[in-house]
Structures are given as structure tokens and as C-alpha cells.
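Chain by chain, the residues:
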Amino acid sequence: MRELVRTNDLVLVSAVGALLDGADIHHVVLDQNMSTIEGSLGILPRRILVPDEDVGAARQLLTDAGLSHELRPDE
């Protein structure tokens, strides 16, 4: 699994998830239940991960959707 996006923006997390679902690209959102620890302040970013074999397709999907500025550096 590789990190695709890291953000505090819950709307962006939802939008990226919908795009990935629509393209049938499996993904996992990590740290979404950290609000208990942080006190629901939204200061801890959520991370969206995709399988290694889907990274290229997922990055292209988000680029085509105008979200390339949200992508983590490709390592």
C-alpha cells in the first residue's frame, strides 16, 4: 500500500474516496478515528492509501480530476 493523499479536509477525503470507488480502485482511509484522541479538532490528517499496483492509475485519476496538487510525492 502506498500513500496517495494526506489531508485534514474531510470533504476532500470523501471526494477522493468517491473517485477511487467509481474507478473501482481499492483504497483505505487511515487515521479517520483519531478524533477521539485529538478531541474532534481535525488537526490530525487522514491518509488515503492504495495498493502498489494501482498507484499509477489512482494518481492519473486524481490528476484528471484536477487534484494533482493534493497528491503526495511519488517516491
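Basis of the calculations
Residues numbered from 1 in each chain as written. Predicted model: local features only at pLDDT ≥ 70, side-chain atom pairs only at ≥ 80, totals over all residues. Heavy atoms only, no water. Salt bridge = Lys/Arg side-chain N within 4 Å of Asp/Glu carboxyl O. Helix = DSSP H or I, 4+ residues; strand = E, 2+ residues; numbered from the N terminus. Buried < 20%, exposed > 50% of the residue type's maximum accessible area, 1.4 Å probe, protein only. Core = buried A, V, L, I, M, F, W, Y, C linked by side-chain atoms within 4.5 Å. Contact = heavy atoms within 4.5 Å. Pairing = 2+ DSSP bridges.

A. Inspection of the pattern of salt bridges at higher detail. The final tally for this structure, using the stated rule, is 4 salt bridges. Salt-bridge contacts for glutamate 3 lead to arginine 72; the nearest nitrogen and oxygen are separated by 3.4 Å. Here the residue glutamate 3 occupies a position in strand S1 (residues 2–7), and arginine 72 occupies one in the segment after helix H3 (55–64), the gap between them amounting to 69 residues. On the basis of relative accessibility, which here comes to 25%, the residue glutamate 3 falls in the partly exposed class. Where arginine 47 meets aspartate 31, a salt bridge forms, and the shortest distance between an N and an O atom there is 2.7 Å. Placement of arginine 47 in strand S3 (residues 46–50) and of aspartate 31 in the loop between strand S2 (28–30) and helix H2 (35–38) is noted, with a sequence separation of 16 residues between them.

B. Seen up close, the nonpolar core. Leu4, Val5, Val16, Leu20, Ile48, Val50 and Leu62 are the most contacted members of the largest nonpolar core, which totals 15 residues. Mapped by element, the contributors of at least two residues to this core are S1, helix H1 (10–22), S3 and H3. No other element matches H1, which puts 4 residues into this core. Beyond its immediate stretch of four places on either side in the chain, isoleucine 48 contacts Arg2, Glu3, Leu4, Val5, Val13, Val16, Leu20, His27, Val28 and Val29.

C. Seen up close, the pairing of S3. Within S3, 4 of the 5 residues are buried, which leaves the element mostly enclosed by the surrounding structure. Here 5 bridges tie S1 to S3, and the two strands are oriented antiparallel to one another. Bridge pairing links glutamate 3 to leucine 49 in S3. Where S2 meets S3, 3 bridges bridge the pair, whose relative direction is antiparallel.

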